[in-house]
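# Overview (structure and organization)
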Amino acid sequence: MNGGEAYGTTEAQYIRRHHRHGITDHQCSSALVKHVKAPVNLVWSLVRRFDQPQKYKPFVSRCIMKGDLGIGSVREVNVKSGLPATTSTERLELFDDEEHILGIKIVGGDHRLRNYSSIITVHPEVMEGRAGTMVMESFVVDVPEGNTPDETCYFVEALIRCNLKSLADVSERMAVLDQTEAINRY
């Protein structure tokens, strides 16, 4: 469960603590890490918005919430063309604003990601002497008939890598703008 990455002690501890998935036969699971040069509160402000994943997820064109925002909330996500899907229905399973944990489960849609669950956590760290963030995302999903576990994990990991890269890009741009605004005020 490591997305082909070697983890340090800190990453391994966070995985053991927050990224546990019950894995059954015919499922695959992995965890990925992204280091972001932006403070944790800024990164979390994007991740926590279950109702607005398009703020940083490049494959999401629109999100419609069904009901109030909270554990058990459901969102209908429209996926941009180019992927083998157009919609995904997702439920908020886990939300901890203090620990910076968000968990979702896909409950419907026109795609092959059955029994998909993911957990994303956001942790403060120091990067190059500045406030940074370590983002971890793990998942478990059924392996579709006709695919291998490696093929399935590779596909999902590629999507998550794109989302994490976009999260880093958006967060780092926002951090630079915030620093520039602070400089301009004086």
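In case you missed it, the structure is sitting above this.
Bear in mind that the values here come from a model prediction, so they are computed numbers and not experimental data.

Counting buried residues along helix 2 (residues 40–47), six of its eight residues qualify, which places the element largely inside the surrounding structure. Along helix 2, the positions that sit buried rather than exposed are Val-40, Leu-42, Val-43, Trp-44, Leu-46 and Val-47.

Turning to the sheet that holds strand 6 (residues 117–127), a few remarks are in order. In space, the seven strands of this open sheet follow the order 1-7-6-5-4-3-2, with antiparallel pairing throughout. With one partner strand each, in any of the chains shown, strand 1 (27–36) and strand 2 (60–66) form the two edges of the open sheet. Strand-to-strand twist of the sheet, defined as the mean angle between neighbouring strand axes without regard to direction, takes the value 25°. Pairing of strand 5 (residues 101–109) with strand 6, which is carried by five bridges, proceeds in the antiparallel orientation. Among the inter-strand pairings, Leu-102 is bridged to a residue of strand 6, identified as Ile-120.

A few words now on the environment of Ile-119. Structurally, Ile-119 can be placed in strand 6. Separated by 25 residues in the primary sequence, Ile-119 and Leu-94 place their C-alpha atoms 8.0 Å from one another.

Tracing the sequence through the fold places Gln-27 in strand 1. Separated by 2.8 Å, the side chain of Gln-27 and the backbone nitrogen of Thr-24 make a polar contact. Polar contacts involving the side chain of Gln-27 include one to the side chain of Asp-142, which spans 2.9 Å. With residues near it in sequence (within four places) discarded, Gln-27 still touches Gly-22, Asn-115, Val-140, Val-141, Asp-142 and Val-143.

This paragraph deals with the nonpolar core. Formed by 32 residues in total, the largest nonpolar core has its most connected members in Val-43, Val-47, Tyr-116 and Phe-139. Among the elements of the structure, strand 1, helix 2, strand 5, strand 6, strand 7 (130–142) and helix 3 (149–184) are those that each provide at least two residues to this core. Looking at which element gives the most residues to this core, the answer is helix 3, with eight residues. Residue contacts for Tyr-116: discarding those within four places in its chain leaves Ile-104, Lys-105, Ile-106, Glu-137, Phe-139, Val-140, Val-141, Val-156 and Ile-160.

The subject of this paragraph is the packing of aromatic side chains. Counted under the stated rule, the structure contains two aromatic pairs. Taken together, a centroid distance of 6.0 Å and an interplanar angle of 15° make the contact between Tyr-116 and Phe-139 stacked. Residue Tyr-116 is found in the loop between strand 5 and strand 6, and its partner Phe-139 is found in strand 7; the two are separated by 23 residues along the sequence. For Tyr-116, a relative accessible area of 7% corresponds to the buried category.

About the criteria used
Residues numbered from 1 in each chain as written. Predicted model: local features only at pLDDT ≥ 70, side-chain atom pairs only at ≥ 80, totals over all residues. Heavy atoms only, no water. Buried < 20%, exposed > 50% of the residue type's maximum accessible area, 1.4 Å probe, protein only. Helix = DSSP H or I, 4+ residues; strand = E, 2+ residues; numbered from the N terminus. Pairing = 2+ DSSP bridges. Axes fitted to C-alpha atoms, helices over the stretch in contact; angles between N-to-C directions. Polar contact = N/O pair within 3.5 Å; in protein donor to acceptor, adjacent residues only side chain to side chain. Contact = heavy atoms within 4.5 Å. Core = buried A, V, L, I, M, F, W, Y, C linked by side-chain atoms within 4.5 Å. Phe/Tyr/Trp six-rings, centres within 6.5 Å; stacked < 30°, edge-to-face > 60°.

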